[in-house]
Amino acid sequence: MAKQLDKILIIDLEATCWEDKAPVGMESDIIEIGLCLLDVQSGEISDSRAILVIPERSELSEFCTSLTTITQQLLDEQAISFKEACNILKKEYQSQSRAWASFGAYDYKQFQRQCNSLGIGNPMGPSHINVKTLFALKRKLTHEQGMAGALALLEIPLEGTHHRGVDDAKNIAKILKWILNE
Ligand code: AMP
Ligand code: MG
């Protein structure tokens, strides 16, 4: 499949989580697919969106709500199944042929884990860009930085709510934009 390199799909996942490990019988489920597009030529960041997802193998904890600000009420009102969310990524964002980026390897691995567990084809293609590693290489750092640390080094304000996927995706897009234009 030809690669689509005009716009990069930036993804930031939020998932059910606990202060300690997952309760017995539960597995971490994606609850938000935050995304936006970064136009490689113009640097424009557009089409930001939060796709909220119903957790199928776990329940939302108070800890997770306090980390992400995602409430059970929000999921009840707006969330769709993981399978439907994957279809949106494939159909509306050409996620299987488009270059896509996330901060670290977590998002890449979580798609793999959850798709394998639920028997769903992975909606994400092979052209994954790890912005966390790329940033450390570009700045010749000895350690990879978290997203907030990378923004601070660039003196770019962290906009929106940290740990909301849609806001994280936009902030990650700004870091990748800096890397591509530098
Ligand atoms: P982030 O993109 O940094 O918001 O993190 C993505 C997901 O990783 C979150 O939705 C949680 O499932 C998990 N996570 C991040 N930070 C923590 C934390 N301090 N404790 C437990 N889980 C976390
Ligand atoms: Mg996040």
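Check the entry above for the structure.
Residues numbered from 1 in each chain as written. Chains lettered and ligands numbered in written order. Predicted model: local features only at pLDDT ≥ 70, side-chain atom pairs only at ≥ 80, totals over all residues. Heavy atoms only, no water.

## Considerations on the overall build of the chain
Then, number 1: The secondary structure content of the chain amounts to seven helices and five strands.
Then, number 2: Here the chain has a C-alpha radius of gyration of 16 Å; the compact-globule value for 182 residues is 16 Å, and the two agree.
Then, number 3: Along the three orthogonal principal directions, the C-alpha set of the chain runs to about 45 × 35 × 30 Å.
Then, number 4: For the chain, the proportion of its 182 residues judged to be buried stands at 46%.
Then, number 5: Taking the contacts inside the chain whose residues are at least 6 apart along the sequence as the reference set, 70% of them involve residues at least 24 apart.
Then, number 6: Counting only carbon and sulfur atoms, one obtains 49% of the accessible surface of the chain, whose full area is about 9300 Å². (Helix = DSSP H or I, 4+ residues; strand = E, 2+ residues; numbered from the N terminus. Rg over C-alpha atoms; globule rule 2.2 N^0.38 Å. Buried < 20%, exposed > 50% of the residue type's maximum accessible area, 1.4 Å probe, protein only. Contact = heavy atoms within 4.5 Å. Areas by Shrake-Rupley, 256 points an atom, 1.4 Å probe, with all protein chains shown as cover.)

## Things to note about the sheet that holds strand β2 (residues 30-39)
Then, number 1: One open sheet holds the five strands; their spatial order is β3-β2-β1-β4-β5, and the pairing between them is mixed. Unpaired on one side and paired on the other, β3 (45-52) and β5 (128-130) mark the two borders of the sheet. Geometrically, the sheet is characterised by an average inter-axis angle of 25° between neighbouring strands, direction not taken into account.
Then, number 2: For strand β1 (residues 4-15) and strand β4 (residues 98-102), the ladder comprises three bridges, and the chain directions are parallel. (Pairing = 2+ DSSP bridges. Axes fitted to C-alpha atoms, helices over the stretch in contact; angles between N-to-C directions.)

## Remarks on unusual backbone geometry
Then, number 1: The phi dihedral of Asp47 is positive, around 55°, even though this residue is not glycine.
Then, number 2: Turning to its location among the elements, Asp47 is positioned in strand β3.

## Re the pairing of β4
On a regular strand, one side chain projects to one face of the sheet and the next to the other, so that they alternate.
Then, number 1: Most of β4 is tucked away, with five of its five residues classed as buried.
Then, number 2: Summarising the sheet, β4 and β5 pair through three bridges and their orientation is parallel. Pairing of Ala101 across the sheet is with Ile129, part of β5.
Then, number 3: With helix α4 (residues 106-118) bridging β4 and the parallel β5, this β-α-β connection has right-handed handedness. (Right-handed = clockwise from strand over helix to strand, strands pointing away.)

## Some details on the site of ligand 1
Then, number 1: In the vicinity of ligand 1, 13 residues are found, and the nearest of them are Asp12, Leu13, Glu14, Ala15 and His163.
Then, number 2: In this structure, Ala15 approaches ligand 1 through a main-chain N or O atom, which is 2.8 Å from an oxygen atom.
Then, number 3: When ligand 1 sits alone it has 480 Å² of accessible area, and the protein chains cover 67% of it.
Then, number 4: With respect to the pocket detection grid, ligand 1 is positioned in the largest pocket.
Then, number 5: If you tally residues by element for the shell around ligand 1, the top one is β1, at four residues.
Then, number 6: Tallied by class, the residues present in the shell around ligand 1 amount to seven nonpolar, three polar and three charged. (Near = heavy atom within 4 Å. Polar contact = N/O pair within 3.5 Å; in protein donor to acceptor, adjacent residues only side chain to side chain. 1 Å grid on protein atoms, 1.4 Å probe; cavity = no way out; pocket = protein on both sides within 12 Å on 5 of 7 lines; lining within 4 Å. Sits in = over half its atoms within 2 Å of the grid points. Nonpolar A, V, L, I, M, F, W, Y, C, P; charged D, E, K, R; others polar.)

## What to know about helix α3 (residues 82-93)
Then, number 1: Between its first and last C-alpha atoms α3 spans 16 Å; for 12 residues at 1.5 Å apiece the expected length is 16 Å, and the two agree.
Then, number 2: Within α3, burial applies to Phe82, Ala85, Cys86, Ile88, Leu89 and Tyr93. Angularly, the buried residues of α3 cover 155° about the axis, an arc narrow enough to put them on a single face. Residues of α3 that are exposed and angled more than 90 degrees away from the buried face: Lys83 and Lys91.
Then, number 3: If you follow the buried residues of α3, they end up packed against β1, β2, β3, β4 and α4. (Expected span 1.5 Å × (residues − 1). Arc of directions from axis to C-beta.)

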